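# Chain and residue survey
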Amino acid sequence: MTQTITPRVRTMVLLLLAAACALLAGAGPASAHAAVTGSDPAQGAVVDKAPARISLTFSEQVAMSGDSLRVLDPEGKRVDAGEPSNVSGTTYAVRLHSGLPDGTYTVAYQVVSADSHPVAGAYTFSIGAPSKTSVSVSGQSTDDGVIGWLYGFGRYVSYAGFIVMAGGAAFVLACWPRGSGVRPVQRFVVSGWLALTAATLALLLLRGSFTGSGKVADVFDLSLLGQVLQTKTGAALVSRLLLLAAAALFIAVLFGAYDKREDPQEKRDLTFGLAIGGVVVAAGLAASWAMSEHASVGLQAGIAMPVDVLHLLAVAAWLGGLGALLVALYRAPADAPVDASAVRRFSRVAFGSVLALIATGTYQSWRQLGSWSAFTDTRYGQLLLAKIALVAVLVGVAWISRRWTGRLAETVPASAEREKARVAAGADASLEAGAGASRVAAGDTGPDGTGDDRTGTDTEADADTGDQPDPEPADTERAAQLARQRAARDAARQKRLRDADPNRFGLRRSVLAEAGIAVVLLAVTTVLTQTEPGRTEQEAKAATSSSASTSPDTGASGALTLNMPFDTGGKDGKGIVTVDLDPARVGDNEMHVYVERPDGRAFDIPEVKVDFTLEAKDIGPLPVVPDHLATGHWSADGVQIPMAGDWKVDVTVRTSDIDEVTVSKNAQIG
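About the thresholds
- Numbers given to residues run from 1 along each chain, matching the order in which its sequence is written.
- Under the rules for a predicted model, residues below a pLDDT of 70 receive no local features and side-chain atom pairs below 80 are neither given nor counted, while totals for whole chains, interfaces and linings still include all residues.
- Note that the side-chain values use all heavy atoms of the structure and ignore hydrogens as well as water.
- Per the convention used, a helix needs a DSSP run of H or I reaching at least four residues, while a strand needs a run of E reaching at least two, with both numbered from the N terminus.
- Residue burial is assigned from relative accessible area. The probe radius is 1.4 Å, only protein chains are included, and a residue is buried under 20% of its type maximum, exposed over 50%, and partly exposed in between.
- Here the open area of atoms and residues is found with the Shrake-Rupley method and a 1.4 Å probe, where only the protein chains shown may cover a residue.
- Strands are labelled as partners when DSSP assigns at least two bridges between them.
- Fitted lines through C-alpha atoms serve as axes, helices being fitted only where they are in contact, and the angles separating the N-to-C directions of these axes extend from 0 to 180 degrees.
- Orientation labels follow simple angle bins: below 35 degrees gives roughly parallel, above 145 gives roughly antiparallel, 65 to 115 gives roughly perpendicular, and whatever is left gives oblique.
- Note: crossing handedness is left-handed where the near helix turns anticlockwise from the far helix by less than a right angle, and right-handed where it turns clockwise.
- Pairs of residues are marked as contacts when any of their non-hydrogen atoms sit within 4.5 Å.
- Just so you know the grouping, Ala, Val, Leu, Ile, Met, Phe, Trp, Tyr, Cys and Pro go in nonpolar, Asp, Glu, Lys and Arg go in charged, and all remaining residues, Gly too, go in polar.
- Grouping into patches uses exposed residues only, defined as over 30% relative accessible area, and leaves out salt-bridged ones; the cut-off is 9 Å for like charges and 5 Å for nonpolar side chains (Val, Leu, Ile, Met, Phe, Trp, Tyr).
- We define a salt bridge as a contact between a side-chain nitrogen of Lys or Arg and a carboxyl oxygen of Asp or Glu at a distance within 4 Å.
- Under the counting rule used here, the positive set is Lys and Arg, the negative set is Asp and Glu, and His together with the chain ends is not counted.
- Taken as the charge centre is NZ of Lys, CZ of Arg, CG of Asp or CD of Glu, depending on the residue.
- Expected span of a helix: the number of residues minus one, times 1.5 Å.
- Whenever two N or O atoms come within 3.5 Å, that pair is a polar contact, provided that in protein one can donate a hydrogen and the other can accept it, and provided that, for residues adjacent in sequence, both atoms are side-chain atoms.
- What we call a nonpolar core is a set of buried Ala, Val, Leu, Ile, Met, Phe, Trp, Tyr and Cys residues that are connected through their side-chain atoms within 4.5 Å.
- A pocket here means an open set of points on a 1 Å grid, computed over the protein atoms alone, that has protein on both sides within 12 Å along at least five of seven lines. A cavity is instead a set of points where a 1.4 Å probe fits but cannot get out; residues with an atom within 4 Å of a point line either one.
- Grid points are joined across faces, edges and corners, and a volume is the space filled by probe spheres set on the points.
- Note on aromatic contacts: the rings of Phe and Tyr and the six-membered ring of Trp form a pair at centre separations within 6.5 Å, being stacked when their planes are under 30 degrees apart, edge-to-face when over 60 apart, and tilted otherwise.
- Criterion for a charge above a ring: Arg CZ or Lys NZ at most 6 Å from the ring centre, at most 35 degrees from the ring normal.

### Thoughts on the overall build of the protein
- Check the secondary structure of the protein and you find 15 helices and 18 strands.
- Burial analysis of the protein (670 residues in total) assigns 44% to the buried set.
- Per element, the accessible surface of the protein, about 32300 Å² overall, is 59% carbon and sulfur.

### Overview of the pairing of strand E18 (residues 660-669)
- Direction of pairing for strand E17 (residues 645-654) relative to E18: antiparallel, over a ladder of 10 bridges. Counterpart to aspartate 646 in the pairing with E18 is glutamine 668.
- Linkage of E17 to E18, two consecutive antiparallel strands, is achieved through a turn of 5 residues.

### A closer look at the packing of helix H2 (residues 146-174) against helix H5 (residues 232-254)
- Where H2 contacts H5, the two axes come as close as 12 Å, and the packing angle between them is 30°. As the angle between them shows, H2 and H5 are arranged roughly parallel. Handedness of the crossing formed by H2 with H5: left-handed. Of the residues in H5, those touching H2 at Tyr151, Ser158, Met165, Ala169, Val172 and Leu173 are Thr233, Arg240, Leu244, Ala247, Phe250, Ile251 and Leu254.
- Split by residue class, the contact of H2 with H5 holds 10 nonpolar, 2 polar and 1 charged.

### Observations concerning a negative patch on the surface
- Judged by side-chain charge, Asp582, Glu590, Asp627 and Asp637 come together as a negatively charged surface patch.
- Structurally, aspartate 627 can be placed in strand E15 (residues 627-630).
- The exposure class assigned to aspartate 627 is exposed, which follows from its relative accessible area of 53%.

### A word on unusual backbone geometry
- Residue aspartate 582 is joined to proline 583 through a cis peptide bond whose omega torsion reads 10°.
- Structurally, proline 583 can be placed in the loop between strand E11 (574-582) and strand E12 (587-596).
- Cis rather than trans, the peptide bond between glycine 620 and proline 621 has omega equal to 5°.
- Following the sequence through the fold, proline 621 ends up in strand E14 (residues 619-624).
- The phi dihedral of alanine 584 is positive, around 60°, even though this residue is not glycine.
- Inspection of the secondary structure puts alanine 584 in the loop between E11 and E12.

### So, the environment of serine 191
- Along the chain, the position of serine 191 falls in helix H3 (residues 183-210).
- For serine 191, a relative accessible area of 37% gives the class partly exposed.
- Between the C-alpha atoms of serine 191 and methionine 165, which are 26 residues apart in sequence, the distance is 7.4 Å.

### Examining the pairing of E14
- By the bridge criterion, 4 bridges tie strand E13 (residues 607-614) to E14 in an arrangement that is antiparallel. When the sheet's bridge partners are listed, valine 610 is paired in E14 with valine 624.
- Hairpin connection between E13 and E14: a loop of 4 residues separates the two successive antiparallel strands, and aspartate 618 in this loop has a positive phi of roughly 55°.

### Details of the pattern of salt bridges
- Per the counting criterion, the structure on display carries 8 salt bridges.
- Aspartate 40 serves as the salt-bridge partner of lysine 665, at 3.1 Å between the closest nitrogen and oxygen. With lysine 665 in strand E18 and aspartate 40 in strand E1 (residues 36-40), the pair connects residues that are 625 residues apart, well separated along the chain.
- We classify lysine 665 as partly exposed; its relative accessible area is 26%.
- For aspartate 80, the salt bridge identified is with arginine 78, shortest N-O distance 2.7 Å.
- Through salt bridges with shared partners, one network takes in Glu607, Arg654 and Asp657.

### Quick word on helix H7 (residues 264-290)
- With 27 residues, H7 should cover 39 Å at 1.5 Å per step; its first-to-last C-alpha distance of 38 Å lies within 8% of that length.
- Buried within H7 are the following residues: Leu274, Gly278, Val281, Ala282, Leu285, Ala286, Ala287, Ser288, Trp289 and Ala290.
- Of the surrounding elements, those touching the buried residues of H7 are H2, H3, H5, helix H6 (257-260) and helix H8 (301-331).
- The N-terminus of H7 is capped by aspartate 263, whose side-chain oxygen sits 3.2 Å from the backbone nitrogen of glutamine 265.

### Digging into the nonpolar core
- Core analysis: the biggest nonpolar cluster contains 69 residues, and Phe162, Trp176 and Leu254 have the highest contact counts within it.
- Elements with a contribution of two residues or more to this core: H2, H3, H5, H7, H8, helix H9 (340-369), helix H11 (379-442) and helix H14 (502-529).
- Top element by residues in this core is H8. It accounts for 15 residues.
- Among residues more than four places away in sequence, those in contact with leucine 254 are Ala169, Val172, Leu173, Ser180, Asp259 and Leu274.

### As for empty space enclosed by the protein
- Scanning the entire structure with this criterion turns up 1 cavity of 30 Å³ or more.
- Of the pockets and cavities examined, the largest cavity occupies roughly 80 Å³.
- Around the largest cavity, the lining residues are Tyr151, Arg155, Ser158, Leu203, Thr233, Ala236, Leu237, Arg240, Trp289, Ser292 and Glu293.
- Of the residues forming the lining of the largest cavity, the biggest block, 4 residues, is contributed by H5.
- Residues belonging to the lining of the largest cavity are distributed by class as follows: 5 nonpolar, 3 polar and 3 charged.

### Quick word on a nonpolar patch on the surface
- Side chains of Val146, Trp149, Leu150, Phe153 and Val216 sit close together on the surface and give an oily, nonpolar patch of about 460 Å² of accessible area.
- Within the fold, valine 216 resides in the loop between H3 and helix H4 (222-229).
- By relative accessible area, valine 216 is classed as exposed at 51%.

### Overview of the packing of aromatic side chains
- Summed over the entire model, instances satisfying the criterion amount to 10 aromatic pairs.
- Taking the centre distance of 6.0 Å and the plane angle of 65° together, the rings of phenylalanine 58 and tyrosine 92 count as edge-to-face. Taken together, the residues span a long stretch of sequence, with phenylalanine 58 in strand E3 (residues 53-58) and tyrosine 92 in strand E7 (residues 91-96) at a distance of 34 residues.
- Through a chain of ring-to-ring contacts, the aromatic side chains of Phe58, Tyr92 and Tyr109 assemble into a single cluster.
- The side chain of arginine 240 reaches across the aromatic face of tryptophan 289, ending 4.0 Å from its centre.
- Across from the ring centre of tyrosine 258, 4.9 Å away, lies the NZ or CZ of lysine 267, which sits over that ring.

### A short note on the side chain of threonine 652
- Looking at where threonine 652 falls in the secondary structure, it is placed in strand E17.
- A distance of 3.0 Å separates polar atoms of two side chains, one belonging to threonine 652 and the other to threonine 662.
- Excluding residues that lie within four positions of it along the chain, threonine 652 makes contacts with Glu607, Val608, Lys609, Glu660, Val661 and Thr662.

### Here we look at the sheet that holds strand E6 (residues 80-88)
- Spatial ordering of the open sheet is given by E1-E3-E7-E6, a layout of 4 strands whose pairing is antiparallel. In this open sheet, the two strands that pair with only one neighbour each are E1 and E6. Averaged over all pairs of adjacent strands, the angle between strand axes in this sheet comes to 20°, irrespective of strand direction.
- Both E3 and E7 contribute to a ladder of 5 bridges, which runs antiparallel. Paired with serine 55 across the two strands is alanine 93, which belongs to E7.

By themselves, these observations are geometric and do not establish any function.
Quick look at the structure:
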């Protein structure tokens, strides 16, 4: 017989869940993890003539579809031609129709960053002079509607399911093997598997709409699902489903064959096998996140991914084991209570998990923030501070639980002796009661106390014939019912006596508080994984500030990208030359030149030369002849810019022995 959770406990859990949902609901749309660091034409720029194409440079590589870059005229009609292409590195471009009239044009982009998160936004530039436009650039993001909310909730459920399943199973194997036969613990672990499986399927269906239109109707679009399966995130979700099939087999063995093993040696061997298999499956599941999200891109990805796997495993061992312990303390039957030794073992596991979390979390924080100022200046840093504070509180409450565990361990021996004596006395009483019930059922009682109310003749006759009266079925059922009621009362009394122990009561309360904080901590962590890293956010802000700067004294900082169409007039004489200058400052710079055909394909030409001229100071031209590196790619190191100002960049392109042209563009270099 199990004890129902009290209304006070139920209310506390509901309040904590409500707080977690409030955190998720108030998180807003998932912030982009790739940011636009440059554009050509620049945001708000006014150009003299219509460009042949527009280009965007992101902080990391992104995935694009046919509609990822859209250019709209003042009336809202599309003027882009063809699909966007990767020009160089993290720069992407789309061609424009020729002969565009003067006015203000809107560039809308919607891409998927390398760490699986959607990036959307818009900006404007003008040809000739600014004009009124009918295009609205608000609400461009597709992750702030119903689909975005459902996707965020699915991520939360998937994290929670993994933690419950992996941590609960680890608690049983490492801390409380008897728990494999306890039904509430079994239901706890299985519920984690079901939650993770359902959430993974939901994320797979929602992914296409989440990164695309954001429409509910597109959730069951099979063509979108096919596109999702070809992406890194889709492959990670499918891998997670396959690993969940292996996890189901692991759970079946843990709560089946493992629980039924009675031979100590066989159980030890099976424990070892399950431990190895469980770690492999859990690490594989954790890797499905690490290989498709923050850890897979950016600085030191080869180190960050295994560190992220270790971080997730430590979280599961601590918080999932905590949940299993809470279930055991509140719902374990009276004849199989969780003992102090199991709690002490979990305490050691939790301590090791906390140490691993501190080490891996420190590395992750350095990698995602990059500076101390990012803690307070970026949303990622602020959420990280909240997470650190919650972890500190959780560790403090865990220390209190550890003290209660020590007190409980000291009282267990005496309590065990008293319980053993009480059980023995109860067993004797049960035997006597059972014998009495048997006599009643057999009719073996008499008024004279001899146990027989029949005459001697009847007795002798029965003895001669060997016939004995059969007990009535109703009396047998009544005796069995009385025995069951007596056993239920004994179990209830044992549970009341056990729960009346102040040390056990204190442990239950502190573990419940730990679990409540863990629910909120998981919500904050989920929001954190959907937020733009502080390092990227600060880089994007710096790039935006530099592109907005027009002062010739200070100039612009950060990489400079110039796209210039050319036509030498000969065969295959049309194309686009792109000049990348990094860091586009006074002093040494690195220059890359890319040449491609109008359809975006790179191709080689006999010669490319670049000249820099600062006409305001009568400096130049300063010639640079880059070295050929690959098809359509030239490079030069140590390009010297002696002074900040508005530099004219001339690029001479020769496509044959006689076909040559020079194209120019001005740029602020400082």
